[in-house]
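# Residue-level structure breakdown
Take a look at the letters that make up each chain.
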Amino acid sequence: MSVLEVKGIKKTFGTQEVLKGLDFSLPEQSVLGFIGQNGAGKTTFMKLIVGLLASDEGTISVCGEKVQYGNTKTNRLIGYLPDVPEFYGYMTAYGYLTLCGEVTGLTGIEIKEKATELLKLVGLENNKKKIKTYSRGMKQRLGIAQALLNEPKLLICDEPTSALDPLGRKEILEILHRVKKQTTVIFSTHILSDVEKICDHIVLLHEGTIKLSMTLAEMEARFSFNQLLVEFNQSLSTADYESIFEGLRVTNKGETYLVQHDELTEIQTKLYTRFINQGIFPKKIEVYQPSLEDIFTEVVQ
Ligand SMILES: Nc1ncnc2c1ncn2[C@@H]1O[C@H](COP(=O)(O)OP(=O)(O)OP(=O)(O)O)[C@@H](O)[C@H]1O
């Protein structure tokens, strides 16, 4: 069964059509990278899933149950980490999770077990400091622990890495990757390299519509671009360039050349023969795998 099923979702603010009919579904134990530029409608969509906003049209189901605006029933299946999580700064992480557990209705023993397990998961198990002394990264990690307290089927994280330094981002990504065994994760971001690191599905939102919705493997197959990347230690002289690439479709940036091919082996044979004949050898030659950033640019242009 799909953890999340989205059908024909539309949302307008005044005259601005922010979401123009979204359709996709998400299987269990996956990490979805929900990507889009600033203002694409990512937060709006996430608020629709947790029933904080009403859609104009369409339905969202979580584990087969329809989300209804103003009714928090489906939220027992969801953990939500907003982009800027708020805490009581005077509390410790353990104290805060204890409070959240009490509000959720867990027993004392359950709270102790869960809080200990989750603080370990997010690397805060030995931290006795008050939350007000925490870095942004530590607050995000505590936010993930809190969102996982009710063992959700779906964990929604709104731009959890955007404001963090590289180390903080790495820690969050590692946690989300680990969490995938227990829950499906939706992770909104505009940092494409983060998506490449941990997501197995992507949905690309642009101008209110979904431009791409597929697994990362499907995306790699679809956007191979049929190019070979050839890199030299230094950029080639005009004469060397002509002797190596004559008659081929090539674009280049500095020492890196991208050679378009219809038939890979034919182009490889041609190039290797020329390298040997000319005595000019590349530092690197490989089938070019476009980055998510390349694909994003290609799709939204
Ligand atoms: N409550 C609201 N009232 C009016 N307009 C809104 C409201 N919430 C969002 N918008 C508008 O909807 C559009 C999408 O906003 P949203 O916050 O969902 O985008 P986002 O993809 O999350 O952006 P970012 O990456 O910058 O957080 C924006 O143009 C925003 O100004």
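If you're wondering where the values come from, they're calculated on a predicted model, not measured in any experiment. (Residues numbered from 1 in each chain as written. Predicted model: local features only at pLDDT ≥ 70, side-chain atom pairs only at ≥ 80, totals over all residues. Heavy atoms only, no water.)

## What to know about the environment of Tyr134
Within the element layout of this structure, Tyr134 appears in the loop between helix H3 (108-121) and helix H4 (136-147). Residues Tyr134 and Gln146 lie 12 residues apart in sequence; the distance between their C-alpha atoms is 15 Å. If we skip the residues at most four places from it in the chain, Tyr134 touches Ala93, Leu124, Asn127, Lys129, Lys139 and Leu142. Within the local environment of Tyr134, its side chain forms a polar contact with the side chain of Asn127, the two groups lying 3.5 Å apart. (Helix = DSSP H or I, 4+ residues; strand = E, 2+ residues; numbered from the N terminus. Contact = heavy atoms within 4.5 Å. Polar contact = N/O pair within 3.5 Å; in protein donor to acceptor, adjacent residues only side chain to side chain.)

## Digging into the site of the ligand
In the vicinity of the ligand, the contacting residues are Phe13, Gln16, Val18, Gln37, Asn38, Gly39, Ala40, Gly41, Lys42, Thr43, Thr44 and Glu159. Here Thr44 contributes a side-chain N or O atom positioned 2.6 Å from an oxygen atom of the ligand. Of all the secondary structure elements, the ones that give two or more residues to the shell around the ligand are strand S2 (16-26) and helix H1 (42-49). Tallying contributions element by element places H1 first for the shell around the ligand, with 3 residues. Class assignment of the residues belonging to the shell around the ligand gives a composition of 3 nonpolar, 7 polar and 2 charged. (Near = heavy atom within 4 Å. Nonpolar A, V, L, I, M, F, W, Y, C, P; charged D, E, K, R; others polar.)

## So, the nonpolar core
Ranked by internal contacts, the top residues of the largest apolar core, which has 49 residues, are Leu142, Ile144, Leu155, Leu176, Leu212 and Met219. When residues of this core are assigned to domains, at least three map to each of domain 1 (4-220) and domain 2 (227-300). Those residues in contact with Leu212 that sit more than four places away from it in its chain are Ile202, Val203, Leu204, Met219, Arg222, Phe223, Ile295 and Val299. Counting 28 residues, the second-largest nonpolar core is a separate cluster that includes Leu32, Met46, Ile60 and Cys63. (Core = buried A, V, L, I, M, F, W, Y, C linked by side-chain atoms within 4.5 Å. Buried < 20%, exposed > 50% of the residue type's maximum accessible area, 1.4 Å probe, protein only. Domains from an automatic or database assignment.)

## Things to note about unusual backbone geometry
Residues other than glycine seldom take positive phi values, yet Cys63 does so here, at roughly 50°. Here Cys63 lies in the loop between strand S4 (57-62) and strand S5 (65-66).

## Considerations on the sheet that holds strand S11 (residues 227-231)
Spatial ordering of the open sheet is given by S12-S13-S11-S14, a layout of 4 strands whose pairing is antiparallel. The strands lining the two open edges of the sheet, one partner per strand, are strand S12 (250-253) and strand S14 (284-287). When strand polarity is set aside, the average angle formed by the axes of neighbouring strands in this sheet is 20°. Against the sheet, helix H8 (residues 238-245) makes contact with S11, S12 and strand S13 (256-260), and its axis sits at roughly 30° relative to S13, the strand it touches most. Its contacts with the sheet place helix H9 (residues 264-278) against S11, S13 and S14, and it is angled at close to 20° to S11. (Pairing = 2+ DSSP bridges. Axes fitted to C-alpha atoms, helices over the stretch in contact; angles between N-to-C directions.)

## Focus: the layout of surface pockets
Estimates place the volume of the largest pocket at around 450 Å³. For the lining of the largest pocket, the secondary-structure elements that each account for two or more residues are strand S6 (78-81), helix H2 (93-104) and H4. Of all the elements, H2 adds the most residues to the lining of the largest pocket, at 4 residues. Taken together, the residues of the lining of the largest pocket sort by class into 11 nonpolar, 5 polar and 1 charged. One number sums up the size of the second largest pocket: a volume of about 290 Å³. When the residues that make up the lining of the second largest pocket are grouped by side-chain class, the tally is 7 nonpolar, 3 polar and 6 charged. (1 Å grid on protein atoms, 1.4 Å probe; cavity = no way out; pocket = protein on both sides within 12 Å on 5 of 7 lines; lining within 4 Å. Points joined across faces, edges and corners; volume = space filled by probe spheres on them.)

## Things to note about the side chain of Thr161
Looking at where Thr161 falls in the secondary structure, it is placed in the loop between strand S7 (154-158) and helix H5 (166-179). There is a polar contact of 2.9 Å between the side chain of Thr161 and the side chain of Asp194. Other than its neighbours up to four places away in sequence, Thr161 contacts Arg169, Ile172, Leu173, Phe187, Thr189, Ile191 and Asp194.

## Here's the deal with the domain arrangement of the protein chain
Split by domain assignment, the protein chain resolves into domain 1 (4-220) and domain 2 (227-300). One C-alpha centre belongs to domain 1, the other to domain 2, and the line joining them spans 41 Å. On the side of domain 2, 8 residues touch domain 1, which itself brings 13 residues to the contact. Interface area for domain 1 against domain 2, summed over the two sides, is near 920 Å², with a carbon-plus-sulfur share of 82%. Inspection of the domain 1/domain 2 interface yields 0 salt bridges. Scanning the region where domain 1 abuts domain 2 turns up 0 residue pairs in polar contact (both at pLDDT 80 or more). Breaking the side of domain 1 that touches domain 2 down by element, the ones donating at least two residues are helix H6 (192-198), strand S9 (201-206), strand S10 (209-215) and helix H7 (216-222). For the side of domain 1 that touches domain 2, a count of residues per class yields 7 nonpolar, 3 polar and 3 charged. (Buried area = accessible area lost by both parts, 1.4 Å probe. Salt bridge = Lys/Arg side-chain N within 4 Å of Asp/Glu carboxyl O.)

## What about the packing of aromatic side chains?
Here a ring pair, both rings aromatic, is described through the centre-centre distance and the interplanar angle of the planes. Taken as a whole and judged by the stated rule, the model has 13 aromatic pairs. Ring geometry for Tyr88 against Tyr90: centres 6.0 Å apart, planes inclined by 40°, an arrangement best described as tilted. Overall, the relative accessible area of 45% leaves Tyr88 in the partly exposed class. An aromatic cluster is built from Phe232, Tyr241, Phe245, Tyr257, Tyr272 and Phe275, whose rings are joined through pairwise contacts. (Phe/Tyr/Trp six-rings, centres within 6.5 Å; stacked < 30°, edge-to-face > 60°.)

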